Amino acid sequence: MQNKAFEGSIDYFQVMDENGAIDKSLYPQDLSDDRIVEMYKSMLFARNLDAKTLSLQRQGRADTFAPLVGEEATQIGTAFAMRKDDILVPNFRQHGAYLARGLPLESYFLYWKGYEEGNSKVKEINALPVIVPVGTQMPHAAGIAYAQKYRNKDVAVVAFVGDGGTSEGDFYEAINFAGVNKLPMISIIENNQWAISVPRNRQSAAQTLAQKAIAAGIKGVQVDGNDVIGVYKVVKDAIDHARDGPTVIECLTYRMSMHTTSDDPSKYRPEADVDKWKAKDPLKRVGAYLRAKGLWDDAKEKQATDEQMARIDEAVAKAEAFKPDPKSMFENVYSFIPEVLKEEEDDAVKSNFWM
Amino acid sequence: MNINMVGAINNALDLAMRKDDSIVLLGEDIGKDGGVFRVTDGLLDKFGENRVLDTPLAESSIIGASIGMAMAGLHPVPEIQFAGFMFLGFGQLINHAARFRSRTRGDLTVPMVVRTPVSGGVKTLEHHSESPEAFYSHVGGLIVVEPSNPYDAKGLLTSALKMNDPVLFLEPTKLYRLFKQDVPEEQYDVPIGKANYVKKGDQFTVVTYGTMVPVVNKVVEDKKLSADVIDLRTINPLDEATILESVKKTGKLLIVHEAVLSFGVGAEIAARVAEKAMFDLSAPIIRVGSASFPYPMPGYENYYIPNEKKISAAIDRLLSA
């Protein structure tokens, strides 16, 4: 005997096409024009901030930094679909989502200047700090989701992971744990086609990354990650159904810039590939949509950019005025300071090591 | 009540879970099966499957999910079936459990107790007998505790469950059922970070912990010697003060552990004593541990783990110096 043991498929969503035209049948009913303007401003902010941080890094005023340009719609669409109490679990390129969720801009700069204090306000915005070891944040998200369910809270956990991150064991372990326990966990695969120099087709032979959800027995969908309305829609739907269990959402986007400021993409990828994606720019299409509706114009674009740049400059000045206190390293290892640590701290003070 | 270490740990969990509903146990086979050593036996029936959770067979996510639970206000107690399998969750412990407090400057903390059986001597399969305490003590940020008897096991676990820190609770497999002790019915604390004199004497000092405590005791008794035998109980943070106090009195130090000798806990203790009490010593410090290679198959373990003869010979050397 032979029969089909399993049949499955992955749906792809796009609400706004590359020219800003809307598929009305999929348009999320709760999404007002004002909200789309806010999303656009938030995307613009992420792009302006990215450019500014890159310039600071090149001047030696920020450490190695992972730009997000090109991936704004994936991050902002997700952040706007989240409710206030929902919890954000980022990887390391999600400053767009972070800031849209209310992270103080000064914290962002402190982090990328290399100070732990930049992570010290993430709890206020219901988020985890930046996670650098790829994919290892996913089990945390599953555990946080378990705690919400255990306490019977209507809270969803939204975790970001990259295309490369889906190759990590922790990715599968986490969605599997979430599946078995029917947890309110939404995994956003920010598939920007590149894991440093390794392209998507060398990362997995799977036709979509969303179909990895099938192996965990949970829902998986794919969306145009440069379509902010499409991303908003699928994330909102997943959050609305989070009590029924987890969802994996693969957002198809593109890393327009380098992995981090320490690499040169021209070494490993053809410029033509990048050009192809320029036509799909996430800001351009929503900008065109808003302009066509009379909700946006050049004057508004300039005013928004000027305001954002002023905010950024103010936060940079604050972050650059930060004075690190080496004692804070010793005081935050345990809930108490063990004698052996106290002695090391005292030795550092006595020998003027920090002066 | 007169119980062995398995019973003491089970009882400590039971009493703590009754008082604090943030405590959630998770791991492989800990529910219906009660754990492969039956340490969690009966707890599923008492507390239900939301609090005693059988997980998929995946150590990294058992620890990783526990970290998430801890940051979200629970106090998880993950069990890793054997310490040899905990290396699959090593990254989560080192990269995350040990660091969230410091890298958020105290904004997020990871209160959890990771339980795992350690060390050998009971003829188990490969990867079931490791003594990995030095790895976890080296990094900082993780508290590493290892009881050597039922009384300490209950008290140390009770204390660990009150801490707002990640604690590794290493349970010597060989001591699980080796002997019983009278243990109070009610909860009590054995302080974390404080070593214990299991014997007091003046000829020399032995610093030890875990499986080696009863072996050292027997050798000292058989040889009718007078020694301070110090059971560390907590490996990290190290109770340096108690060690120095004893060494300054006896002038002779022997360190005994089952873990591999090289780059181990013994080396750390020897270095600290050399730095701070060199001139109180009347003999070179001696360390006894297992040979410096990975744990062998069970057929060879008796040639590998320090035994009474090896410890006795080390004491003779120490006293004849």
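Whatever comes next refers back to the structure up there.
Here is what the cut-offs are and how they apply
Each residue is numbered by its place in its chain's sequence as written, counting from 1. Lettering for chains starts from A, numbering for ligands starts from 1, and both go in the order in which the items are written. Predicted model: local features are reported for residues with pLDDT of at least 70 only, side-chain atom pairs are reported and counted for 80 or more only, and whole-chain, interface and lining totals are derived from all residues. Only hydrogens and water are removed before side-chain values are computed, so all heavy atoms of the structure are retained for them. Secondary structure is summarised from DSSP: a helix means a run of H or I of at least four residues, a strand means a run of E of at least two, and numbering begins at the N terminus for each. Pairs of residues are marked as contacts when any of their non-hydrogen atoms sit within 4.5 Å. Areas reported here follow the Shrake-Rupley algorithm with a probe of radius 1.4 Å; residue values treat only the protein chains shown as occluding. We score Asp and Glu as negative and Lys and Arg as positive, and we do not count His or the chain ends. Working definition for charges: the position is that of NZ of Lys, CZ of Arg, CG of Asp or CD of Glu. By the convention used here, strands pair only if DSSP detects at least 2 bridges between them. Between N-to-C directions, angles cover 0 to 180 degrees, with each direction set by a line fitted to C-alpha atoms, over the stretch in contact for helices. A helix is expected to reach a length of 1.5 Å times the quantity of its residues less one. Type-normalised accessible area, obtained with a 1.4 Å probe on protein chains alone, sets the label of each residue: buried when under 20%, exposed when over 50%, and partly exposed for intermediate values. Summarising the geometry, the arc corresponds to the directions from the helix axis toward the C-beta atoms. Planes of paired rings set the category: under 30 degrees apart is stacked, over 60 is edge-to-face and the rest tilted, where pairs are Phe, Tyr or Trp rings (Trp by its six-membered ring) whose centres lie within 6.5 Å. Over a ring means this: the NZ of a Lys or the CZ of an Arg is within 6 Å of the ring centre and within 35 degrees of the ring normal. Values labelled buried area give the accessible surface lost by two parts on being combined, using a 1.4 Å probe and summing over both. Each salt bridge in this description consists of a side-chain nitrogen of Lys or Arg and a carboxyl oxygen of Asp or Glu lying within 4 Å of one another. Gly is put with the polar residues, along with every residue not named as nonpolar or charged; the nonpolar set is Ala, Val, Leu, Ile, Met, Phe, Trp, Tyr, Cys and Pro, and the charged set is Asp, Glu, Lys and Arg. Roughly parallel covers angles under 35 degrees, roughly antiparallel covers those over 145, roughly perpendicular covers 65 to 115, and oblique covers all other angles. Note on convention: near helix rotated counterclockwise from far helix by under a right angle means a left-handed crossing. Clockwise means right-handed. Here the nonpolar core consists of buried residues drawn from Ala, Val, Leu, Ile, Met, Phe, Trp, Tyr and Cys, with membership extended through side-chain atoms lying within 4.5 Å. Polar contact is defined as a pair of N or O atoms within 3.5 Å, subject to the rule that within protein one atom must be able to donate a hydrogen and the other to accept it, and that residues adjacent in sequence are counted only when both atoms are side-chain atoms.

Draft legend 1. The arrangement of the overall build of chain A in detail. Secondary structure summary: chain A contains 14 helices and 8 strands in total. Overall, chain A is about 75 × 60 × 45 Å in size when its C-alpha atoms are taken along their principal axes. Considering only residue pairs separated by 6 or more positions, chain A has 75% of its internal contacts joining residues 24 or more positions apart. Of the accessible surface of chain A, which amounts to about 15,600 Å², a share of 50% is contributed by carbon and sulfur atoms. Computing the positive centroid from 44 side-chain charges and the negative centroid from 53, chain A places the two 2 Å apart.

Draft legend 2. Inspection of the sheet that holds strand β1 (residues 11–13) of chain A at higher detail. Residue and element names in this part refer to chain A. Across the sheet, which stays open at both edges, the 6 strands sit in the order β1-β7-β8-β4-β3-β2 with parallel pairing between neighbours. Looking at strand neighbours, the two that pair on one side only are β1 and β2 (87–89), the edges of this open sheet. Averaged over all pairs of adjacent strands, the angle between their axes in this sheet comes to 25°, without regard to strand direction. As paired strands, β2 and strand β3 (residues 157–162) are joined by 3 bridges and run parallel to one another. Residue pairing across strands places V89 opposite A159, the latter belonging to β3. Of the strands in this sheet, β3, β4 (185–191) and β8 (247–252) are in contact with helix α6 (residues 169–180), which crosses β4 at around 150°.

Draft legend 3. Structural context of helix α14 (residues 339–350) of chain A. Between the first and last C-alpha of α14 of chain A there are 16 Å, a value that for 12 residues agrees with the 16 Å anticipated at 1.5 Å per step. Buried residues of α14 of chain A: V340, L341, E345 and A348 of chain A, and no others. When α14 of chain A is viewed along its axis, its buried side chains cluster within an angular range of 140° and face the same direction. Facing away from the buried side of α14 of chain A by over 90 degrees, the exposed positions are E339 and K350 of chain A. At its buried positions, α14 of chain A is contacted by α13 (327–331) of chain A together with α9 (240–250) and α10 (265–277) of chain B.

Draft legend 4. Fine view of the pairing of strand β2 (residues 23–27) of chain B. All names here are of chain B. In terms of residue burial, β2 counts as a mostly covered element, since 5 of its 5 residues are buried. By the alternation rule, side chains of β2 split into I23, L25 and G27 and V24 and L26, which are all buried. Pairing between β2 and strand β4 (residues 75–79): 5 bridges, direction parallel. Paired with L25 across the bridge in β4 is V77. As defined by bridge partners, β2 adjoins strand β3 (residues 52–54) across 3 bridges and the pair is classed as parallel. Across the sheet, residue L26 finds its bridge partner in β3, namely L53.

Draft legend 5. Focus on the packing of aromatic side chains. Counted by the stated rule, this structure contains 22 aromatic pairs over all chains. With 5.1 Å between their ring centres and 70° between their planes, Y40 of chain A and W296 of chain A make a pair best called edge-to-face. Highlighted residues: Y40 of chain A in helix α1 (residues 33–58) and W296 of chain A in the loop between α11 (282–292) and α12 (298–320), separated in sequence by 256 residues. We note that Y40 of chain A, like W296 of chain A, is buried. Each ring, one from W194 of chain A and one from Y268 of chain A, has its centre 5.7 Å from the other, and the planes form 45°; the classification is tilted. One end of the pair, W194 of chain A, is in strand β5 (residues 194–195); the other, Y268 of chain A, is in the loop between β8 and α10 (271–278), with 74 residues separating them in the sequence. Under the relative-accessibility criterion, W194 of chain A is labelled buried at 8%. Taken together through their ring pairs, the aromatic side chains of F37, F82, F85 and Y176 of chain B make up a single cluster. Over the ring of W277 of chain A we find K280 of chain A, and its NZ or CZ is 4.4 Å from the ring centre.

Draft legend 6. Seen up close, the sheet that holds strand β9 (residues 196–199) of chain B. Residue and element names in this part refer to chain B. The 5 strands are arranged β9-β11-β10-β13-β14 in an open sheet whose pairing can be described as mixed. Lying at the two open borders of the sheet, with one neighbouring strand each, are β9 and β14 (286–290). The average undirected angle you get between the axes of adjacent strands in this sheet is 25°. Here 3 bridges tie β9 to strand β11 (residues 227–231), and the two strands are oriented antiparallel to one another. Counterpart to Y197 in the pairing with β11 is I230. Packing of α9 onto the sheet brings it into contact with β9, β10 (204–208), β11 and β13 (253–260), and relative to β11 it is tilted by some 170°. Its contacts with the sheet place helix α11 (residues 308–320) against β10, β13 and β14, and it is angled at close to 170° to β14.

Draft legend 7. Focus on the interface of chain B and chain A. Each side of the interface is counted separately: chain B has 48 residues, and chain A has 41 residues. Taken over both partners, the interface formed by chain B and chain A buries close to 3,500 Å², and the fraction arising from carbon and sulfur atoms is 59%. There are 4 salt bridges connecting chain B and chain A. When residues of the side of chain B that touches chain A are traced back to their parent elements, those giving at least two are β2, α3 (59–71), α4 (90–97), α5 (100–103) and α10 of chain B. It is α3 of chain B that provides the largest number of residues to the side of chain B that touches chain A, a total of 9 residues. Here the side of chain B that touches chain A is composed, by residue class, of 19 nonpolar, 17 polar and 12 charged.

Draft legend 8. Highlighting the packing of helix α4 (residues 105–112) of chain A against α12 of chain A. Residue and element names in this part refer to chain A. For the pair α4 and α12, the least separation of the axes is 8 Å and the interaxial angle reads 55°. If you check the angle between α4 and α12, you find them oblique. In this structure, α4 meets α12 at a crossing whose hand is right-handed. In this structure, α4 contributes L105, E106, F109 and L110 to the contact, and α12 contributes R311, I312, A315, V316, K318 and A319. When its residues are assigned to classes, the contact of α4 with α12 shows 7 nonpolar, no polar and 3 charged.

Draft legend 9. Quick peek at the pattern of salt bridges. Inspection of every chain in the model, using the stated rule, returns 40 salt bridges over all chains. In this structure, R61 of chain A engages E320 of chain A in a salt bridge whose closest nitrogen and oxygen atoms are separated by 2.8 Å. Of this pair, R61 of chain A sits in the loop between α1 and α2 (72–81) while E320 of chain A sits in helix α12, and the two are 259 residues apart along the sequence. What makes E320 of chain A partly exposed here is its relative accessible area of 34%. Measuring nitrogen to oxygen at the nearest pair gives 2.7 Å for the salt bridge that ties E240 of chain B to R272 of chain B.

Draft legend 10. Inspection of the nonpolar core at higher detail. Judged by nonpolar contacts, the single largest core of 143 residues is most densely connected at F109 and I249 of chain A together with L93, L232 and I269 of chain B. When residues in this core are grouped by element, the largest group, 9 residues, is from α1 of chain A.

Draft legend 11. Focus on the side chain of S119 of chain B. Residue and element names in this part refer to chain B. When you line up the elements, S119 lands in the loop between β5 (112–118) and α6 (133–139). Judged by relative accessible area, S119 falls into the buried class, the value being 2%. For S119, the side chain forms a polar contact with the side chain of S131, separated by 2.7 Å. Each residue touching S119, except ones within four places of it in the same chain, is listed here: H128, S129, E130, S131, E146, T173, T211 and E258.

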